[in-house]
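Topology and contacts: notes
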Amino acid sequence: MTQTQKWNATDLPDLSGRTAVVTGANSGIGLTAAQALAGAGAHVVLAVRDPERGRAAAATVSGSTEVRRLDLADLASVREFAAGWAGPLHVLINNAGVMMIPRQRTKDGFEMQFGTNHLGHFALTNLLLPYVTDRVVTVSSSAHRWGDEAIHFDDLNSDTAYDPRGAYGQSKLANLLFTLELQRRLTESGSRVRALAAHPGYSATNLQSHAASRVARLAMRFSNRYVAQSDRAGALPTLYAATQDLPGASYVGPDGLGEWRGGPTLVSRSRAASDPTTARRLWTVSEELTGVLCPLEMQVA
Ligand SMILES: NC(=O)c1ccc[n+]([C@@H]2O[C@H](COP(=O)([O-])OP(=O)(O)OC[C@H]3O[C@@H](n4cnc5c(N)ncnc54)[C@H](OP(=O)(O)O)[C@@H]3O)[C@@H](O)[C@H]2O)c1
């Protein structure tokens with residue numbers, strides 16, 4: 001494929017017979033990804049916190065879909081979703097997210113961005129892993145480079161001080177460290193399942209409308225209009241990671257300037273996001289916080 005013929009959703013392989021779960025599939029990148037996957041023949045489960053809005057979203061998808069309730073900010077809901085699963089799950093797409101929101105807590109008392117974006121998906125993945133046959137794709141962000149690029153193990157839930165932007169950056173750094181450690185565990189256990197990550201660049205979605213700061217909301221409304229690419233373009237790295245033959249732990253993003261927009265390609269991550277020691281530590285802490293253990297580890301032990 002040449003530079004002028006960039007990979008597109010029309011290049012998706014035939015996904016007939018495959019099942020995908022997409023979290024946060026009722027809007028933005030999740031919905032666009034669900035539409036593309038179902039359009040290519042996959043059975044897509046829209047995992048959403050509001051089933052009514054999920055059904056409205058599913059009505060815009062042509063192909064085989066199903067709506068199931070999943071609130072990533074409530075571990076009981078995550079467990080319930082996983083307990084209701086049966087049969088092979090070819091692709092799990094950890095897409096849902098919240099960004100720069102006012103200080104809030106999940107049902108289990110975690111800071112909302114870390115709790116939803118990382119811990120909820122951590123628990124979901126490990127509970128569903130026995131069913132996953134192909135891959136897990138987790139949606140991160142260039143924001144993983146925000147702040148001082150270190151996981152604040154001494155204040156994971158921002159108990160000391162809450163910075164909406166910093167907490168988002170931490171959660172997206174955690175998404176990449178999670179992918180790194182998951183792939184290490186998959187490899188070590190001899191599994192053929194792959195863990196990959198993707199980021200959409202900058203795409204106009206609902207994500208930017210919930211920021212705590214009014215100034216940030218206004219700035220993002222402006223940039224959504226004049227700078228951002230569409231949610232359809234933003235979903236391409238996720239779709240590429242979900243379907244192309246890439247090495248485990250790959251990170252896919254747009255190929256344009258600053259990775260803001262463009263066609264999907266392999267991109268680099270920060271040094272902090274590549275640190276296996278931090279990734280292992282975060283995994284152990286996430287197990288302790290969620291009470292969900294890695295099924296692979298249990299097999300190996
Ligand atoms: N847009 C960008 O420029 C950009 C850039 C970098 C990374 N990302 C990442 O891309 C992913 C998708 O975001 P988006 O841009 O498509 O934003 P979006 O349109 O706001 O979609 C986010 C989705 O996550 C869902 N969600 C939020 N909290 C949830 C919870 N507790 N349980 C279940 N679902 C929940 C939302 O559901 P509700 O509709 O019910 O709120 C929504 O469906 C996120 O992980 C985000 O961090 C986006």
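So, here's what we can say about the structure. Only a predicted model underlies this, so the values are computations on that prediction, with no experimental measurement involved.

Reading guide: rules and limits
Residues numbered from 1 in each chain as written. Predicted model: local features only at pLDDT ≥ 70, side-chain atom pairs only at ≥ 80, totals over all residues. Heavy atoms only, no water. Helix = DSSP H or I, 4+ residues; strand = E, 2+ residues; numbered from the N terminus. Buried < 20%, exposed > 50% of the residue type's maximum accessible area, 1.4 Å probe, protein only. Contact = heavy atoms within 4.5 Å. Areas by Shrake-Rupley, 256 points an atom, 1.4 Å probe, with all protein chains shown as cover. Lys, Arg positive; Asp, Glu negative; His and termini not counted. Charge placed at Lys NZ, Arg CZ, Asp CG, Glu CD. Near = heavy atom within 4 Å. Polar contact = N/O pair within 3.5 Å; in protein donor to acceptor, adjacent residues only side chain to side chain. 1 Å grid on protein atoms, 1.4 Å probe; cavity = no way out; pocket = protein on both sides within 12 Å on 5 of 7 lines; lining within 4 Å. Sits in = over half its atoms within 2 Å of the grid points. Pairing = 2+ DSSP bridges.

The next subject is the overall build of the protein. Of the regular secondary structure elements, the protein holds 10 helices and 8 strands. C-alpha atoms of the protein, sized along the principal axes, occupy 50 × 45 × 40 Å. Burial analysis of the protein (301 residues in total) assigns 56% to the buried set. The long-range share in the protein, meaning contacts at least 24 apart out of those at least 6 apart in sequence, stands at 72%. Accessible surface computed for the protein: about 13100 Å², of which carbon and sulfur atoms make up 51%. Here the protein holds 29 positive side-chain charges and 27 negative ones, and the gap between their average locations is 5 Å.

Moving on, we get to the site of the ligand. In the region of the ligand, 29 residues are neighbours, and Arg49, Arg53, Asn95, Tyr168 and Thr205 sit closest. Between the ligand and the protein, one listed contact pairs an oxygen atom with a side-chain N or O atom of lysine 172 at 2.9 Å. Expressed as a share of its isolated accessible area of 890 Å², the protein-covered part of the ligand is 95%. When atom positions are compared with the pocket grids, the ligand is found to occupy the largest pocket. Elements represented by at least two residues in the shell around the ligand include exactly α1 (28-39) and α5 (164-188).

One ladder, built from 2 bridges, connects strand β6 (residues 194-198) with strand β7 (residues 251-254); its direction is parallel. From the neighbouring strand, alanine 198 faces β7, where its bridge partner is valine 252.

We now examine the side chain of aspartate 134. Structurally, aspartate 134 is set in strand β5 (residues 132-139). Its relative accessible area of 13% is what places aspartate 134 among the buried residues. Separated by 3.3 Å, the side chains of aspartate 134 and arginine 135 make a polar contact. Filtering out sequence-adjacent residues up to four positions away, aspartate 134 remains in contact with Arg18, Leu89, His90, Val91, Arg192, Val193 and Arg194.

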